[in-house]
Amino acid sequence: MAKPPKPPKPPKPPKDQPQPPEAKAAPLPKPAPAKPIGGGWLAKFAPGVRGLTGKGDKRETPDNLWVKAPDTGEMIYRPDLEAALWVTPSGRHMRIGPPLRFAYTFDNRAYDQLPTPAVPEDPLKFIDDRAYTDRLRSARKSTGETDAMAIGYGKIGGVPAVVLVQDFAFMGGSLGMAAGEGFIAAAEAAIKRSAPLVVFTAAGGARMQEGALSLMQMARTTLAIQALKKACLPYVVVLTDPTTGGVTASYAMLGDVHLAEPGAMIAFAGPRVIEETIRETLPPGFQRAEYLMDKGMVDRVIARKDLPQTLGSILKTLMMGRARGVAA
């Protein structure tokens with residue numbers, strides 16, 4: 001069978017003749033820009049909310065807006081904790097520094113802060129893993145105080161009084177030369193003003209970076225208390241959490257009246273050291289304020305909110321007795 005003939009090829013154009021340009025595809029139309037939704041479903045019935053959530057009006061949440069309760073672990077709204085005088089819903093009396101302690105104690109939060117004497121820094125040139133001067137610098141930066149003691153003068157329940165506050169946040173409230181001089185200055189201020197002295201203790205003991213110089217403050221503070229007694233002026237101690245070591249062994253236990261905040265740890269050595277030494281398990285609540293009140297070491301356990309009224313009543317009574325004694 002014969003094959004069909006092939007179709008003829010198209011003639012080639014001459015070389016000098018320009019070829020037609022290739023056809024290009026027409027560009028696709030650009031999509032129309034999407035219209036803004038305008039705040040979503042919330043804007044349909046609350047258009048004003050958009051202004052609150054706009055980028056320009058964004059509010060940053062403070063880092064310290066919530067505080068974790070040390071006992072229960074719950075998060076407490078900081079303004080609520082401040083309104084409760086830094087006492088958690090579970091009753092834990094959290095540690096506070098001198099400014100808050102003065103504000104909570106004096107009438108109408110009005111007081112004059114008295115200066116504390118300056119002392120030589122780092123007399124022993126003590127260095128452990130950090131230089132003592134570096135530790136002092138860090139503590140001053142974090143607390144805003146020069147050392148662990150702060151002195152205030154004002155009225156408590158209408159009675160003029162000198163108040164000395166020991167700040168545990170400053171190197172654990174440790175007793176050193178500056179703290180000893182601060183105690184003596186507070187006692188001298190009370191004698192000069194014929195006013196009682198109230199001391200809020202909070203310490204981990206003597207300051208090891210000052211060696212024997214810190215231990216000498218135990219005797220020096222005791223002599224200052226003797227000067228108060230000679231002037232027939234009341235000396236009241238409020239034991240706060242924690243009060244331990246050389247502070248417990250000296251001026252913390254030499255008051256005319258001993259008060260304590262609920263749950264405060266009051267001891268010389270810690271419970272772990274005692275248990276390892278005597279090889280016995282300590283009873284529940286050992287070295288806490290309530291336990292020590294039952295044993296007669298503390299006169300009363302007073303909640304923070306009731307301290308000003310209680311202190312005012314005690315100071316009035318003691319100062320009345322002093323006035324009668326002077327008149328006689």
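Right, let's walk through the structure included here. (Residues numbered from 1 in each chain as written. Predicted model: local features only at pLDDT ≥ 70, side-chain atom pairs only at ≥ 80, totals over all residues. Heavy atoms only, no water.)

The side chains of a regular strand alternate between both faces of the sheet. Most of strand β6 (residues 197–203) is tucked away: seven of the seven residues are buried. As judged from the four bridges shared by strand β5 (residues 159–166) and β6, these two strands associate in the parallel manner. Its bridge partner being in β6, L164 is matched across the sheet by V199. For the crossover from β5 across helix α6 (residues 177–193) to β6, the handedness is right-handed. (Buried < 20%, exposed > 50% of the residue type's maximum accessible area, 1.4 Å probe, protein only. Helix = DSSP H or I, 4+ residues; strand = E, 2+ residues; numbered from the N terminus. Pairing = 2+ DSSP bridges. Right-handed = clockwise from strand over helix to strand, strands pointing away.)

This brings us to the packing of α6 against helix α7 (residues 212–230). The geometry of α6 relative to α7 is characterised by a closest axis approach of 9 Å and an angle of 5° between their N-to-C directions. Considering their axes alone, α6 and α7 lie roughly parallel with respect to each other. Residues M177, G180, E181, F183, I184, A187, A190 and I191 of α6 form the contact with α7, whose participating residues are L213, Q217, R220, T221, A224, I225, A227 and L228. For the contact of α6 with α7, the residue count by class is 11 nonpolar, three polar and two charged. (Axes fitted to C-alpha atoms, helices over the stretch in contact; angles between N-to-C directions. Parallel < 35°, antiparallel > 145°, perpendicular 65-115°, else oblique. Contact = heavy atoms within 4.5 Å. Nonpolar A, V, L, I, M, F, W, Y, C, P; charged D, E, K, R; others polar.)

Spatial ordering of the open sheet is given by β3-β4-β5-β6-β7-β8-β9, a layout of seven strands whose pairing is mixed. Edge positions in the sheet fall to β3 (111–114) and β9 (300–301), since each has one partner strand and no second. In the packing of helix α4 (residues 98–105) onto the sheet, the strands contacted are β3, β4 (149–156), β5, β6 and β7 (235–243), and the crossing angle to β4 comes to about 10°. Sheet contacts for α6: β3, β4, β5, β6 and β7; angle to β5, the most-contacted strand, approximately 180°.

Core analysis: the largest hydrophobic core is formed by 53 residues, its most contacted members being L197, V198, Y235 and Y251. Ranked by residues supplied to this core, first place goes to α6 with eight residues. Ignoring any residue separated from it by four or fewer positions in sequence, one finds V198 in contact with I156, V162, V163, L164, V236, V238, L311 and L315. Ranked by size, the runner-up nonpolar core spans nine residues in total, among them V67, L81, M94 and I96. (Core = buried A, V, L, I, M, F, W, Y, C linked by side-chain atoms within 4.5 Å.)

With that settled, the discussion passes to unusual backbone geometry. P242 follows D241 through a cis peptide bond whose omega is -10°. Mapping P242 onto the fold places it in strand β7. The phi angle at R109 is positive, at roughly 60°, despite the residue not being glycine. Its location among the elements puts R109 in the loop between α4 and β3. Look at R109 and you get exposed, because its relative accessible area is 51%.

Everything listed here is a matter of coordinates, which is why it stays silent on function.
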